[in-house]
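Structural overview for review
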Amino acid sequence: MATFDITEHSHRRFNPLLGEWVLVSPHRSKRPWQGQQETTEQDTRPAFDPTCYLCPGNVRANGEKNPDYPSTFVFVNDFAALQAESPSGSFTHQNLLRAESERGICKVICFSPRHDLTLSDMETSEIKKVVDLWQEQYLELGALDYISYVQIFENKGSVMGSSNPHPHGQIWAQSSVPGEPAKETEQQEAYFAENNRSLLSDYLALELEEKTRVVVKNEHFVALVPFWAVWPFETIVLPRRHFGHLGQISEEEKLGYADIIKRLSKVYDKLFQTSFPYSAGIHQSPTDGKDYPGWHLHMHFYPPLLRSASVKKFMVGYELMADPQRDITPESAAERLRDLV
Ligand code: H2U
Ligand code: ZN
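Residues numbered from 1 in each chain as written. Chains lettered and ligands numbered in written order. Predicted model: local features only at pLDDT ≥ 70, side-chain atom pairs only at ≥ 80, totals over all residues. Heavy atoms only, no water.

1. Topic: the coordination of the zinc ion (ligand 2)
To keep it simple, the criterion reads: Donors, by definition, are the N, O and S atoms found within 2.8 Å of a metal, the threshold being 3.2 Å for Na, K and Ca, and water is not counted, so a site can look incomplete. The helix and strand labels rest on DSSP assignments: H or I over at least four residues marks a helix, E over at least two residues marks a strand, and numbering proceeds from the N terminus. Only protein chains enter the accessibility calculation, which uses a 1.4 Å probe; a residue whose area is less than 20% of its type maximum is buried, one above 50% is exposed, and one in between is partly exposed.
Looking at the metal site, the zinc ion (ligand 2) is ligated by Cys52 (SG), Cys55 (SG), His115 (ND1) and His166 (ND1), spaced 2.0 to 2.3 Å from it. Each donor residue of the zinc ion (ligand 2) belongs to the same chain, and together they define the spacing C-x2-C-x59-H-x50-H. Pair noted here: cysteine 55 is in the loop between β2 (20-24) and β3 (73-76) and histidine 166 is in the loop between β7 (149-156) and β8 (168-174), with a separation of 111 residues, a long-range link. Here cysteine 55 matches histidine 166 in class, with each residue buried.

This is how it looks when you write it as structure tokens:
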């Protein structure tokens, strides 16, 4: 047998943030495709759409009128998945059927009054205002005594289930710490307890040395394709400085963050010459009042597009039954993205 070559042979990669594995099949990227093709979204939207429930001055589904907002706008989701008033209680049957009440608040954030923009079209100074709002909301919601975790995210594009092309994101704040951040908490705190440095500080130092997976960087932030990426063009955005949440970011770092978001989303749009769909979200330390010295804030971008604007990756078969799997290597994905910077 030949010697193991990570660029050619099937292998597993470890995700130290989640403590999980991903199967990588570099040899498989040339398999023929006769499956479903997505239709590309054509971007010919007006700056104001009288039928859009997020545009300034329009009336939402619950009858409320949006103000004539000049930059960002936040409101409580009219169809919230979590209820602030859900009464506390639990249900158990022989410890096999278990349920617990979950309280929470869901909000919608409009990034801009302009219906026709996306984050990649917005000026860095405008994206900075979105970061300001994320910060304010994390602090405000996290300060509520029954909120243990604040998830800020964006679903972009109809393939990702976004209900409206108006640039917007969501915030779900809840009384327990959900699965993914709970796993990341465990992994990061264990690493910190052992090394007295954050897992992502050490990981970032290594990536900056290797360079092969770095996509864009500035003085304060770096975007790269993680070694353990699952989605074809998945990236993680990391602050160079170790801090756990947006309450600890400086004004200068916020500008750096906005700059990285702008440049990364431009690269994504260029890749398949379309307004690139993705789900993105910020992971930060829980707000349950405990101390999390190991937590290192970061943002994940999970775009589903695979080899063209019309071919999407699905999590099916082996991935639903066993582990996630990818064909093109994270290194070659990073190279393709870097070429478009
Ligand atoms: P998505 O595009 O990611 O689905 O987010 C839009 C959210 O906006 C969605 O959660 C809410 C939906 O519940 N919404 C309102 O709060 N008011 C409306 O008038 C329509 C949609
Ligand atoms: Zn709109």
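2. Let's talk about the site of ligand 1
Formally: In these notes, residues near a molecule or strand are those with any non-hydrogen atom within 4 Å of it. Side-chain atoms alone can form a polar contact between residues adjacent in sequence; in general such a contact is a pair of N or O atoms within 3.5 Å, and within protein one must be able to donate a hydrogen while the other accepts it. Accessibility throughout is a Shrake-Rupley quantity obtained with a 1.4 Å probe, and a residue counts as covered only by protein chains that appear here. Three categories are distinguished: nonpolar for Ala, Val, Leu, Ile, Met, Phe, Trp, Tyr, Cys and Pro, charged for Asp, Glu, Lys and Arg, and polar for the others, with Gly belonging to the last.
Taken together, the neighbourhood of ligand 1 is formed by 14 residues, with Ala61, Asn77, Asp78, Ser163 and His168 sitting nearest. Here aspartate 78 contributes a side-chain N or O atom positioned 2.6 Å from a nitrogen atom of ligand 1. At 2.8 Å, a side-chain N or O of glutamine 170 approaches an oxygen atom of ligand 1. Within the complex, the protein chains bury 87% of what would otherwise be the 470 Å² of accessible surface of ligand 1. A per-class count over the shell around ligand 1 returns five nonpolar, seven polar and two charged.

3. Topic: the environment of histidine 245
Note the threshold: Contacts are assigned to residue pairs that have any heavy atoms within 4.5 Å of one another.
The topology assignment puts histidine 245 in the loop between β11 (235-239) and α4 (251-271). A relative accessible area of 18% means that histidine 245 is categorised as buried. Considering only alpha carbons, one finds histidine 245 and leucine 199, 46 residues apart in sequence, at a separation of 15 Å. Non-local contacts of histidine 245, meaning those with residues more than four positions away in its chain, are made with Tyr138, Gln284, Ser285 and Leu297. Only 2.9 Å separates the side chain of histidine 245 from the backbone nitrogen of glycine 247, close enough to count as a polar contact.

4. Notes on the pairing of strand β6 (residues 104-110)
Our working definition: Two strands pair if DSSP finds at least two bridges between them.
Of all the seven residues making up β6, seven are buried; the element is thus mostly covered by neighbouring parts of the structure. Covered by surrounding structure in β6 are Gly104, Cys106, Val108 and Cys110 together with Ile105, Lys107 and Ile109, the residues of both alternating faces. Where β3 lies against β6, four bridges are found, and the strand directions are antiparallel. Note that in β6 the partner of phenylalanine 73 across the bridge is cysteine 110.

5. Thoughts on the sheet that holds β7
Quick reminder of the rule: Between the N-to-C directions of two axes lies an angle of 0 to 180 degrees, each axis being a line fitted to C-alpha atoms and, for a helix, fitted only over the stretch in contact.
If you trace the nine strands from one edge of the open sheet to the other, you get β3-β6-β8-β7-β12-β13-β11-β10-β9, paired in antiparallel fashion. With partners counted over all chains shown, the strands left at the sheet margins are β3 and β9 (214-217), one partner each. Adjacent strand axes in the sheet meet at a mean angle of 20 degrees, parallel and antiparallel pairs treated alike. Lying on the sheet, helix α1 (residues 124-142) is in contact with β3, β6, β7, β8, β12 (278-283) and β13 (298-302); it crosses β6 at an angle near 165 degrees. Contacting β7, β12 and β13, helix α2 (residues 179-195) crosses the sheet at an angle of about 45 degrees to β12.

6. Structural notes on the packing of α2 against helix α3 (residues 199-210)
Our working rule: Just so you know how the angles are binned, under 35 degrees is roughly parallel, over 145 roughly antiparallel, 65 to 115 roughly perpendicular, and the rest oblique.
Closest axis-to-axis distance for the α2/α3 pair is 8 Å, and the angle between their directions is 80 degrees. Regarding the angle of α2 to α3, the classification is roughly perpendicular. Mapping the contact onto sequence places Gln187, Gln188 and Tyr191 in α2 and Leu199, Leu200 and Asp202 in α3. Residues of the contact of α2 with α3, tallied by class, amount to three nonpolar, two polar and one charged.

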